[in-house]
Amino acid sequence: MNEQSAELFEKIRQQFDSAPYPSTPLEQNPQDAHNLLYAHNLVTSQYLRNQTLISTDGKVILDAGCGTGFKSLVLASANPGAKIVGIDLSKEAVDLAKQRLQFYGFENAEFVVTSIEALPSLGMEFDYINCDEVLYLLPDIASGLQAMKAALKPNGIIRANLHSATQRVDFFRAQQVFKLMGLMDSNPEEMEIEIARETFGALADWVNLKNKVWQDAAQRKAVESKEWVLMNYLFQGDKGYTIADLFAALRSADLEFISMVNWRDWEILDLFKDADDLPIFWAMSLPNVSMEQRLQLFELLHPISRLLDFWCGHPDQTKAFTPIADWSEDDWKTAKVRLHPQLKNLKLHEELVQSIETHQPFSLGGYLLGQANTSVTLESTVAATLLPLWDEPQSVAALMERSRQIQPLNPVTLEPRTTAAILNDLIVLLTRLEVFLYVLLELE
């Protein structure tokens, strides 16, 4: 590490020591944060990569840059039976992380004050590495990825993210303003925070920068938060990256891209009025465009994501599998259906049963809305067909028989429903739910 990088590293450490991040209260339990738990459940990323299911029991998970431990708590909650290891360069943050997991009774956890670059010196290997809101602070993101790769098991997965250079460009302008004013020469504290607030307050409302980074925040009252000001206007070491930068770093670190974490929010076809009626050039070109290029196009057309949040892993670890869309009828007849573990909670089950008993539609959007552009709603008879999944996995054959019992007749013709019609209806339903990983499908 050169002298300039070492100086910046010390500034970042001081900032997080004086204002441990995140400032999530100890009492805030993530048990109802369904999207967070879903994204941090190892089952999600492993299924996306290989269409296989794993048990989290006995897995070893690293929270690299754990801060005050809220994401460590999320990881522990989402992955029953896993061991959690947290590292952070701030001793103050590490102490709070230890306290947080102890408060919730997670004993199989340990925390170490160290940097990501020093990770290989721990002498441990991990099934999953979570590096949230950290990688973009490192002098060289490829080196950070290489350090994590060195501690990753062969079939392990890394989740990391970078600040978007395109979406966050105005916040970087604000940081540059305060650098020029000398507010970031050392660790920003109360005086610098107040100067930043006063500066925006004094600027005319029509000033471009104020319009971009202050007005909306003021409406949300976020500017009252010391953490908001520090993490947006006075953030030491903050940098932005593009999709091209991300893939270049992965190539440099010899890591394989798996998926964006919020992959449904990066679907370029969703940007068109009618995905089935594209201009001829786009209709002919998009099928031949690589995933990297599709993400680049999305980023240029609609840069709304603050984070470039992604999963990656060692190359050549993706197993060959037949996509659901290519399954034969015989495949479907022998398939097994599992509910995503994050949907197996008592509250959802109770609401589902109530919707069935009252013949009301049931919306899954209240639980995993972040993975669907529109809420996925189940009719009560369909919900009743799937109800056994909350107890245990079901074969497609068993679900077909249940569907036949619940709705034996075609509601239009009043003729008995045929086996082919029942199977077709179930295929359409399960395919729709599998897109969002509400259900996970595997061949016997």
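Placed above this text is the structure.
These lines cover the structure that appears in this document, whether it is placed above or below. (Residues numbered from 1 in each chain as written. Predicted model: local features only at pLDDT ≥ 70, side-chain atom pairs only at ≥ 80, totals over all residues. Heavy atoms only, no water.)

Considering the pairing of strand E4 (residues 126-131)
Worth spelling out the cut-off: For every residue, the accessible area obtained with a 1.4 Å probe (protein chains only) is divided by the maximum for its type, and the residue is called buried under 20%, exposed over 50%, and partly exposed between those limits. Each helix is a run of DSSP H or I of at least 4 residues and each strand a run of E of at least 2, with the numbering of both proceeding from the N terminus. Two strands pair under a simple rule: DSSP has to find at least two bridges between them. Clockwise travel from the first strand over the helix to the second, with the strands pointing away from the viewer, marks a crossover as right-handed.
The buried fraction of E4 is high, at six of six residues. Of the strand pairs in this sheet, strand E1 (residues 60-64) and E4 are connected by three bridges, and their pairing is parallel. Residue pairing in the sheet places Leu-62 in a bridge with Ile-129 of E4. Relative to strand E5 (residues 152-163), E4 runs parallel, the two being bridged by five bridges. For Tyr-128, the partnering residue across the bridge sits in E5 and is Ile-157. Between the parallel pair E4 and E5, the chain is carried across by helix H6 (residues 141-150), and the sense of this crossover is right-handed.

Section: the sheet that holds strand E11 (residues 394-395)
The condition is simple: Residue contacts follow a heavy-atom distance rule, with two residues in contact if any of their heavy atoms lie within 4.5 Å. Axis definition: a line fitted to C-alpha atoms, over the contacting stretch in the case of helices. Angles run 0 to 180 degrees between N-to-C directions.
Taken in spatial order, the three strands of this open sheet run E11-E8-E12, and their pairing is antiparallel. The sheet terminates laterally at E11 and strand E12 (439-443), the two strands that pair on one side only. Sheet strands touched by helix H20 (residues 419-435): strand E8 (335-339) and E12. Its angle to E12, the strand with the most contacts, is close to 115 degrees.

Some thoughts on the environment of Ile-193
Among the secondary structure elements, Ile-193 is positioned in helix H8 (residues 190-202). Put simply, Ile-193 and Tyr-38 are 155 residues apart on the chain and 35 Å apart in space, counted from C-alpha to C-alpha. If we skip the residues at most four places from it in the chain, Ile-193 touches Lys-226, Val-229, Leu-230 and Leu-234.

Overview of the pairing of strand E3 (residues 109-113)
By the bridge criterion, five bridges tie strand E2 (residues 83-88) to E3 in an arrangement that is parallel. Looking at the pairing, Ile-87 lines up with Val-112 of E3. Assessed by its sense of winding, the connection that carries the chain from E2 through helix H5 (residues 91-103) to E3 is right-handed.

Some words on H6
Filter applied, for reference: Polar contact is defined as a pair of N or O atoms within 3.5 Å, subject to the rule that within protein one atom must be able to donate a hydrogen and the other to accept it, and that residues adjacent in sequence are counted only when both atoms are side-chain atoms.
With seven of ten residues buried, H6 is to be regarded as a mostly interior element. Here H6 has its buried residues at Ile-141, Ala-142, Gly-144, Leu-145, Ala-147, Met-148 and Lys-149. Contacts made by the buried residues of H6 are with E1, E4, E5, helix H12 (243-253) and strand E7 (307-313). The N-capping residue of H6, defined by a side-chain oxygen 3.2 Å from the backbone nitrogen of Ala-142, is Asp-140.

Some points on the packing of aromatic side chains
The condition that has to hold: Pairing of aromatic rings covers Phe, Tyr and Trp, the last counted by its six-membered ring, and requires centre-to-centre distances within 6.5 Å; plane angles under 30 degrees mean stacked, over 60 mean edge-to-face, and any other angle means tilted.
Scanning the entire structure with this criterion turns up 15 aromatic pairs. With 6.5 Å between their ring centres and 25 degrees between their planes, Tyr-38 and Trp-263 make a pair best called stacked. Linking Tyr-38 in helix H2 (residues 34-40) with Trp-263 in the loop between strand E6 (256-260) and helix H13 (280-285), this pair joins segments that are 225 residues apart in sequence. Residues Tyr-38 and Trp-263 agree in their burial class; the two are buried.

A short note on the sheet that holds E7
Neighbouring strands of a sheet are bound in pairs by backbone hydrogen bonds; such pairs are parallel or else antiparallel. Here seven strands make up an open sheet; going across it, the order is E3-E2-E1-E4-E5-E7-E6 and the pairing mixed. Each end of this open sheet is capped by a strand with a single partner; those strands are E3 and E6. Along the sheet, successive strands turn relative to each other by an average axial angle of 20 degrees, direction set aside. As defined by bridge partners, E1 adjoins E2 across five bridges and the pair is classed as parallel. When the bridges of E2 are listed, Val-60 appears paired with Lys-83. Contacting E1, E4, E5 and E7, H6 runs over the sheet at an angle of about 155 degrees to E5.

Structural notes on the environment of Leu-36
Considering the arrangement of structural elements, one finds Leu-36 in helix H2. Placed 42 residues apart in sequence, Leu-36 and Ala-78 show a C-alpha to C-alpha distance of 8.7 Å. When residues no more than four places from it in sequence are discounted, the contact partners of Leu-36 are Phe-70, Lys-71 and Val-74.

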